[in-house]
Amino acid sequence: MSPLFDLSGRSIVITGATGALGRTAAITLAGLGAKLTLAAGSKDDLDDVGAKIKERGGACRLIARRPDTLADSEAIAAEALDTYGRIDGLLVASGTNIPKMIGEMAPEEWEQVMDANVRGSWLMCKSAGKPMIAQGRGGKVVLVSSVRGRLGTPRGYSAYCPSKSAVDGLTRALATEWGQHRITVNAIGPTVFRSKLTAWMFDDDPKASASRVQSLPRIPLGRLGEPEDLMGIIVYLLAPASDFCTGQVIYVDGGYTAG
Ligand SMILES: NC(=O)c1ccc[n+]([C@@H]2O[C@H](COP(=O)([O-])OP(=O)(O)OC[C@H]3O[C@@H](n4cnc5c(N)ncnc54)[C@H](OP(=O)(O)O)[C@@H]3O)[C@@H](O)[C@H]2O)c1
């Protein structure tokens, strides 16, 4: 293993660890020797990820919480500190979407999307950032944005698009605030990849096929994504290789935003 990409022994917190992205990242990072603290709301799904990692000899600690409140995000960070004595990296992979036209969307639904995507990211950064600063050894934060943070399509994303634009702003603001502590803060910007949120787009039914056929010409690499497509950038952003990269939203989208 090149020291550039060496994650062995690094204490990394992942929220949304039961989702397509969080779970794939957890299994990948555990395979690279990282010591993980995995958080999500669904205890059974979390136990399942934990069992997979332990079966393969990986190290992980589980905490059945979402970063909904400061008490939750503090508890997630404390779990990592109590278990491993430090936090070296954070991946906020928790998030949600409620696609609806603005006329049909209740303000509470808009808040639900903003809370999951923006407030959760902000709270988790606040709680994991404090010990990272105190440790004085730098650190790595990876947030999950989307091509929707930059674009206004498709229709019905009046909560999701601004929530991801806010994640982009948070990325740049914290990179500025924490550069002095050698803590890098970056975001990844995927286009559609296979998950619970997007499973319908991968179906063979006519509505899904029509939607795929419409979006594929806009993707130069000619396909939708898989969670595995995002692992290279996540490893890079958590590893020493990215030590001089901060405040960036990196699109891993098959070239979607190039067009
Ligand atoms: N899939 C895509 O095409 C795509 C594209 C671009 C960006 N993204 C972003 O990638 C991230 C991961 O998404 P995914 O596709 O892996 O989704 P997913 O499979 O649905 O997983 C979402 C994760 O977030 C947690 N979660 C669900 N609702 C939540 C809420 N209201 N508050 C806090 N946590 C919640 C879920 O765990 P529990 O229910 O167990 O708590 C789960 O672990 C999200 O930020 C998403 O916006 C996804």
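This text goes with the structure placed above it.
Conventions adopted
- Residue indices begin from 1 for each chain and proceed along its sequence in written order.
- In keeping with the model being predicted, local features are shown solely for residues with a pLDDT of at least 70 and side-chain atom pairs are shown and tallied solely at 80 or more, while totals for entire chains, interfaces and linings include all residues.
- Around each residue's C-beta, the other C-beta atoms within 10 Å are counted; 20 or more make the residue buried, 12 or fewer make it exposed, and counts in between make it partly exposed. All C-beta atoms are placed from the backbone.
- Numbering of helices and strands starts at the N terminus; helices are DSSP runs of H or I of at least 4 residues and strands are runs of E of at least 2.
- We treat two strands as partners when DSSP finds at least two bridges between them.
- The path from the first strand over the helix to the second decides the hand: if it runs clockwise while the strands point away from the viewer, the crossover is right-handed.
- Residues are counted as near a molecule or strand when the C-beta atom, derived from backbone positions, lies within 6 Å of that molecule or strand.
- Residue polarity follows a fixed list, in which Ala, Val, Leu, Ile, Met, Phe, Trp, Tyr, Cys and Pro are nonpolar, Asp, Glu, Lys and Arg are charged, and the others, Gly among them, are polar.
- Nonpolar cores are built from buried Ala, Val, Leu, Ile, Met, Phe, Trp, Tyr and Cys residues. These are joined into a set through C-beta atoms within 7 Å.
- Multiplying 1.5 Å by the helix residue count minus one yields the expected span of that helix.
- We call two residues in contact when the distance between their C-beta atoms, placed using the backbone, is within 7 Å.

(A) Molecular detail of the pairing of strand β4 (residues 89–92). What you see with β4 is no split at all: Gly89 and Leu91 on one side and Leu90 and Val92 on the other are buried throughout. Bridge analysis of strand β1 (residues 11–15) against β4 gives 4 bridges, and the strand direction is parallel. Paired with Ile12 across the two strands is Gly89, which belongs to β4. Relative to strand β5 (residues 139–144), β4 runs parallel, the two sharing 4 bridges. Looking at β5, one finds that Leu90 is bridged to Val141. With helix α4 (residues 107–135) bridging β4 and its parallel neighbour β5, the resulting β-α-β unit is right-handed.

(B) Expanded view of the site of the ligand. Around the ligand lies a shell of 28 residues, among which Gly19, Gly41, Ser42, Gly95 and Ser195 are the nearest. Contributing elements (two or more residues each) for the shell around the ligand: α1 (20–31) and α4. Split into classes, the residues belonging to the shell around the ligand amount to 10 nonpolar, 15 polar and 3 charged.

(C) Up close: the environment of Gly103. By the element assignment, Gly103 lies in the loop between β4 and α4. Taking the C-alpha atoms as reference points, Gly103 and Gly156, separated by 53 residues in sequence, lie 9.5 Å from one another.

(D) Highlighting unusual backbone geometry. Between Thr153 and Pro154 the backbone carries a cis peptide bond, its omega angle lying at -5°. With respect to the helices and strands, the residue Pro154 is situated in the loop between β5 and α5 (160–178). Backbone geometry at Arg182 places phi at a positive 60°, although glycine is not the residue there. On the basis of neighbour count, Arg182 is assigned to the partly exposed category, with 15 C-beta atoms found within 10 Å.

(E) A look at the nonpolar core. In this structure, Ile14, Ala26 and Leu38 are the most contacted members of the largest nonpolar core, which totals 58 residues. Among the elements that take part in this core, α1 stands out by supplying 6 residues, more than any other. One finds Val113, Ala116, Tyr160 and Cys161 within the second-largest nonpolar core, a separate group that totals 6 residues.

(F) Region of the structure containing α1. Helix length check: α1, at 12 residues, gives a terminal C-alpha distance of 17 Å against a target of 16 Å (1.5 Å per residue), a fit within 8%. Counting buried residues in α1 gives 9 out of 12 residues, a clear majority hidden from the surface. Here α1 has its buried residues at Ala20, Leu21, Gly22, Arg23, Thr24, Ala25, Ala26, Leu29 and Ala30. Downstream of α1 by a residue or two, Gly33 has a phi angle that is positive, lying close to 90°.

(G) Structural view of the environment of Gly22. Along the chain, Gly22 turns up in helix α1. Gly22 sits 68 residues away from Leu90 along the chain, and the two C-alpha atoms are 11 Å apart. Ignoring anything within four residues of it in the chain, the contact list for Gly22 reads Ile14, Thr15, Gly16, Ala17, Ala40 and Ala93.

(H) Representation of the pairing of β1. β1 sits mainly inside the fold: 5 of its 5 residues count as buried. The alternating pattern of β1 places Ser11, Val13 and Thr15 on one face and Ile12 and Ile14 on the opposite face, and all of these are buried. In this structure, β1 lies alongside strand β2 (residues 35–39), joined through 5 bridges in parallel fashion. Its bridge partner being in β2, Thr15 is matched across the sheet by Ala39. Following the chain from β1 across α1 to the adjacent parallel β2, one finds a crossover that is right-handed.

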